[in-house]
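# Structure assessment
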Amino acid sequence: MDATRFGLFVAEMRKENHMTQAELATKIKVTDKAVSRWERGVSHS
């Protein structure tokens, strides 16, 4: 799965569960900035 498809999946699942990026980040112990990058398909290489 490429970064864009993964990001769309994360965003869709998060929204279906009525969660903000910050709430998801806290739940999975990452930063809200990481969730934002995933949803935008951005990565550090």
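Residues numbered from 1 in each chain as written. Predicted model: local features only at pLDDT ≥ 70, side-chain atom pairs only at ≥ 80, totals over all residues. Heavy atoms only, no water.

Here the focus is helix 1 (residues 3–16). Taking 1.5 Å of rise per residue, the 14 residues of helix 1 would be expected to cover 20 Å, and the 20 Å separating its terminal C-alpha atoms lies within 8% of that figure. Along helix 1, the residues that are buried comprise G7, V10, A11 and R14. Around the axis of helix 1, the buried residues are gathered within 95° of arc, so they sit on the same side. In helix 1, the exposed residues that point more than 90 degrees away from the buried face are R5 and L8. Against the buried residues of helix 1 lie helix 2 (21–28) and helix 3 (32–40). In this structure D2 caps helix 1, since a side-chain oxygen of it lies 3.3 Å from the backbone nitrogen of T4. Just beyond helix 1, the residue with positive phi is H18, at close to 50°. (Helix = DSSP H or I, 4+ residues; strand = E, 2+ residues; numbered from the N terminus. Expected span 1.5 Å × (residues − 1). Buried < 20%, exposed > 50% of the residue type's maximum accessible area, 1.4 Å probe, protein only. Arc of directions from axis to C-beta. Contact = heavy atoms within 4.5 Å. Polar contact = N/O pair within 3.5 Å; in protein donor to acceptor, adjacent residues only side chain to side chain.)

The next point concerns the pattern of salt bridges. In total, this model carries 1 salt bridge according to the counting rule given. Its salt-bridge partner being E39, residue R14 comes within 2.6 Å of it at the nearest N-O pair. On the criterion of sequence distance, the pair formed by R14 in helix 1 and E39 in helix 3 is long-range, its members being 25 residues apart. Here R14 and E39 have matching classes, each one buried. (Salt bridge = Lys/Arg side-chain N within 4 Å of Asp/Glu carboxyl O.)

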